[in-house]
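Observations on chain architecture
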2 protein chains.
Amino acid sequence: MPTEQEMKASLQKYLDGFNEGNSEKVISLFAEDARVEDPVGSEPLKGKASITSFFQQSVPSVKKLELAAPIRGSHSNAAAMAFNIYVEVEGKEAVIRCIDVMTFNDEGLIMDMKAYWGPEDIQA
Amino acid sequence: MPTEQEMKASLQKYLDGFNEGNSEKVISLFAEDARVEDPVGSEPLKGKASITSFFQQSVPSVKKLELAAPIRGSHSNAAAMAFNIYVEVEGKEAVIRCIDVMTFNDEGLIMDMKAYWGPEDIQA
């Protein structure tokens, strides 16, 4: 099981990958059989191929990810973070307020990601 | 399924109950068969009786809960929040940085709560 520090470093790398426009950096954090539900309530993506195309599309479409509070660990194989997603919609900046929960496998790769944000968490 | 607003109101009531020292207010938010894992990685509490004694003990032991960022909803029956827990340990104030994820049943009661915080999220 990864340490708290390792899991928090992975979440920070997720933010960095987005902010550097480096989708490969983001994709490399996920296990081959990972599951991504973003937002929670949508059909989950399963497996590295779907996840790769998801981040290849989403990373360039995001202007900035910014932590809203320090990343949290757990007493288990999970970590979580509250952050803001800055995007541009029809030439105007919008912010999505999000909380991601990541669960890790023994190799320290993300095997499950859940992104909690709803229609009311988008601020135009 | 509860609306985003109803779920966010429930999470706010959870904070208020703690801040008013009103454990009954907190307990009333949970379903009879609810499951509470606080912190994630510990043995989950199952059912209203265990949850009642947990909050009867924890509410008076907490000085203050404070949101670190606005509460998040989802496109489903879940909501999440990043907050700080102010406690007193041996006469000294300590802060636990936490993210709670609550999942709701059709009656709008919490059926699952997961509290993400690890040993490194306690700041003395």
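One can find the structure itself at the top, above this paragraph.
What comes next concerns the included structure. Only a predicted model underlies this, so the values are computations on that prediction, with no experimental measurement involved.

**Side note on the overall build of chain A**
- The helix and strand tally for chain A stands at 3 helices and 7 strands.
- Counting helices and strands in the order they occur from the N terminus, chain A gives α-α-β-β-α-β-β-β-β-β.
- For 124 residues, the compact-globule formula gives about 14 Å, and the C-alpha radius of gyration of chain A, at 14 Å, lands near that figure.
- Projected onto its principal axes, the C-alpha positions of chain A cover 45 × 30 × 30 Å.
- Taken over 124 residues, chain A has a buried fraction of 55%.
- Here the contacts in chain A between residues at least 6 apart in sequence split such that 49% fall between residues at least 24 apart.
- Of the roughly 5,700 Å² that chain A leaves accessible, carbon and sulfur atoms contribute 48%.
- Computing the positive centroid from 12 side-chain charges and the negative centroid from 20, chain A places the two 4 Å apart.

**Things to note about the pattern of salt bridges**
- Per the stated rule, a full pass over the model turns up 17 salt bridges over all chains.
- A salt bridge links Asp112 of chain B to Lys114 of chain B; its shortest N-O distance comes to 2.9 Å.
- Classification of Lys114 of chain B as partly exposed rests on a relative accessible area of 24%.
- Here the salt bridges do not stand alone but share partners, grouping Arg35, Glu37, Asp112 and Lys114 of chain A into one network.

Cut-offs and rules
Residues numbered from 1 in each chain as written. Chains lettered and ligands numbered in written order. Predicted model: local features only at pLDDT ≥ 70, side-chain atom pairs only at ≥ 80, totals over all residues. Heavy atoms only, no water. Helix = DSSP H or I, 4+ residues; strand = E, 2+ residues; numbered from the N terminus. Rg over C-alpha atoms; globule rule 2.2 N^0.38 Å. Buried < 20%, exposed > 50% of the residue type's maximum accessible area, 1.4 Å probe, protein only. Contact = heavy atoms within 4.5 Å. Areas by Shrake-Rupley, 256 points an atom, 1.4 Å probe, with all protein chains shown as cover. Lys, Arg positive; Asp, Glu negative; His and termini not counted. Charge placed at Lys NZ, Arg CZ, Asp CG, Glu CD. Salt bridge = Lys/Arg side-chain N within 4 Å of Asp/Glu carboxyl O.

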